[in-house]
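Next come the chains, spelled out residue by residue.
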Amino acid sequence: MAALENRPFVKMNGLGNEIVVLDLRDAPLDVPPEEARALARREVLPFDQIMALYPPQTEGTRAFVRIINSDGSESGACGNGTRCIALYESGRTGAQHMLFESVAGPLECTLAPEGITVDMGVPRFGWHDIPLAGPVSDTRAIELQAGPAEAPVLRAPAVVNVGNPHAIFWVEDIDAIDLALLGPELEHHPIFPERANISAAQVVSPDHIVLKVWERGVGLTRACGTAACATAVCAARLGLTGRRVTISLPGGDLVIDWRESDDHMLMTGPAEFEFGGRLTAVMLGEAERPAAASGEATA
Ligand SMILES: N[C@@H](CCC[C@H](N)C(=O)O)C(=O)O
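Source: prediction; values computed, not measured.

Undergrad: How should I be thinking about helix 4 (residues 225-237) in this particular structure?
TA: Counted at 1.5 Å a residue, the expected span for helix 4 with its 13 residues is 18 Å, and the 18 Å between its end C-alpha atoms agrees. By the burial criterion, the buried members of helix 4 are Gly225, Thr226, Ala227, Ala228, Cys229, Ala230, Thr231, Ala232, Val233, Cys234 and Ala235. At the exit of helix 4 stands Gly239, carrying a positive phi of roughly 75 degrees.

Put into structure tokens, the structure is as follows:
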């Protein structure tokens, strides 16, 4: 029997970034990577990340969060998923302000009429923090390119770790960039020993950037909160924008404020409930899917 069979789930999204919340605080168990992959393959519950909630490890936090990509790999951070679990927890308890924790550190969340704000912590710019395969003195622009050697389409990305590794390529015309084509090779480039999330960013004005993201362990997504934070801090560091920017992704807008007083990144945006249900053997790849699957999810 699949480990996750019969566990309750909630399907949510943050700007179209597909999130499944598994609240495992009552009966903690590991999420087997093969079950995550099987779940992602099934048409009934496609997801980009599972946000698995475990009993808190630090006093004052609501849960320890593990973030699992659709390929079964784990990440230290997920901005859209964090807004989703804040909304989930608020729906359960009524709280408007709460703390979670991931391997990357504490995540302070505040719900307000204008959106859910998450304090995503402080970005790290050292080559070993990202990590890169070897020393690089200036992570504002590293030597890396994609496309034909004689006429690269993407070049000289900024790199940063915001709980997970990101590379941001600055482009003139975002619509001309085919990240589905260029993303896989860059994600797996040997310069990134832990792979990386890959973004193409067009700076429209000092407070507006348009962004497309190829997510590590997932592929193209409609939005990526950590990529929005990574892009905002790298743009500000290069003097391309100020410290508060709106990032427009295919799924909608996020506001990122790189707070002057302590360098924390504050991300504000929406999250949505879709439906809930219990995981079945069919969803987890343990049994053949019947022609017309029914009763697997409740609206
Ligand atoms: N969707 C996310 C990022 C999730 C993790 C990423 N794919 C990784 O492996 O680092 C977001 O909203 O930040």
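Undergrad: It is not clear to me how the site of the ligand should be interpreted in this structure. Could you clarify?
TA: In the vicinity of the ligand there are 19 residues, among which Ser75, Asn80, Asn164, Gly225 and Thr226 approach most closely. The set of elements that each furnish at least two residues to the shell around the ligand consists of strand 4 (64-69), helix 2 (79-93) and helix 4. Among the elements that take part in the shell around the ligand, helix 2 stands out by supplying three residues, more than any other. Residues that form the shell around the ligand fall into these classes: four nonpolar, 12 polar and three charged. When we break the shell around the ligand down by domain, the ones giving at least three residues each are domain 1 (8-121 + 272-298) and domain 2 (145-258).

Undergrad: Sorry, what's going on with the pairing of strand 7 (residues 105-112) here?
TA: Sheet faces and side chains relate simply in a regular strand, where the side chains alternate between the two faces. Across six bridges, the pairing between strand 6 (residues 97-102) and strand 7 is antiparallel. Following the sheet pairing, His97 is matched in strand 7 by Thr110. Between strand 6 and strand 7, which follow one another and run antiparallel, lie two residues. Pairing of strand 7 with strand 8 (residues 115-119) involves five bridges; the strand directions are antiparallel. For Glu108, the partnering residue across the bridge sits in strand 8 and is Asp119. Between strand 7 and strand 8, which follow one another and run antiparallel, lie two residues.

Undergrad: Help me understand the domain arrangement of the protein in this model?
TA: Note on interface size: it is often stated as the accessible area lost on association of the parts. Along its sequence, the protein is carved into domain 1 (8-121 + 272-298) and domain 2 (145-258). Listed per partner, the contact involves 19 residues of domain 1 and 19 residues of domain 2. In the side of domain 1 that touches domain 2, the residues fall into five nonpolar, 12 polar and two charged.

Undergrad: Teacher, can you tell me more about the UniProt feature "binding site: substrate" (unreviewed entry) in the protein here?
TA: Per the UniProt entry, the sites bearing "binding site: substrate" (unreviewed entry) are Asn17, Gln49, Asn69, Gly79, Asn80, Asn164, Asn197, Glu215, Arg216, Gly225 and Thr226 in this numbering. Within the secondary structure layout, Gly79 lies in helix 2. Not counting chain neighbours up to four residues away, the residues in contact with Gly79 comprise Val118, Met120, Gly225, Thr226, Ala228, Cys229 and Met267. As for its placement among the helices and strands, Asn197 is situated in strand 13 (residues 197-205). In this view, Asn197 contacts Asn164, Pro165, His166, Val213, Glu215, Arg216, Cys224, Thr226 and Ala227; residues no more than four positions away in its chain are not counted.

Here is what the cut-offs are and how they apply
- Residues numbered from 1 in each chain as written.
- Predicted model: local features only at pLDDT ≥ 70, side-chain atom pairs only at ≥ 80, totals over all residues.
- Helix = DSSP H or I, 4+ residues; strand = E, 2+ residues; numbered from the N terminus.
- Expected span 1.5 Å × (residues − 1).
- Buried ≥ 20, exposed ≤ 12 C-beta atoms within 10 Å, placed from the backbone.
- Near = placed C-beta within 6 Å.
- Nonpolar A, V, L, I, M, F, W, Y, C, P; charged D, E, K, R; others polar.
- Domains from an automatic or database assignment.
- Pairing = 2+ DSSP bridges.
- Contact = placed C-beta atoms within 7 Å.
- UniProt positions renumbered as here; feature names shortened; annotations may be inferred.

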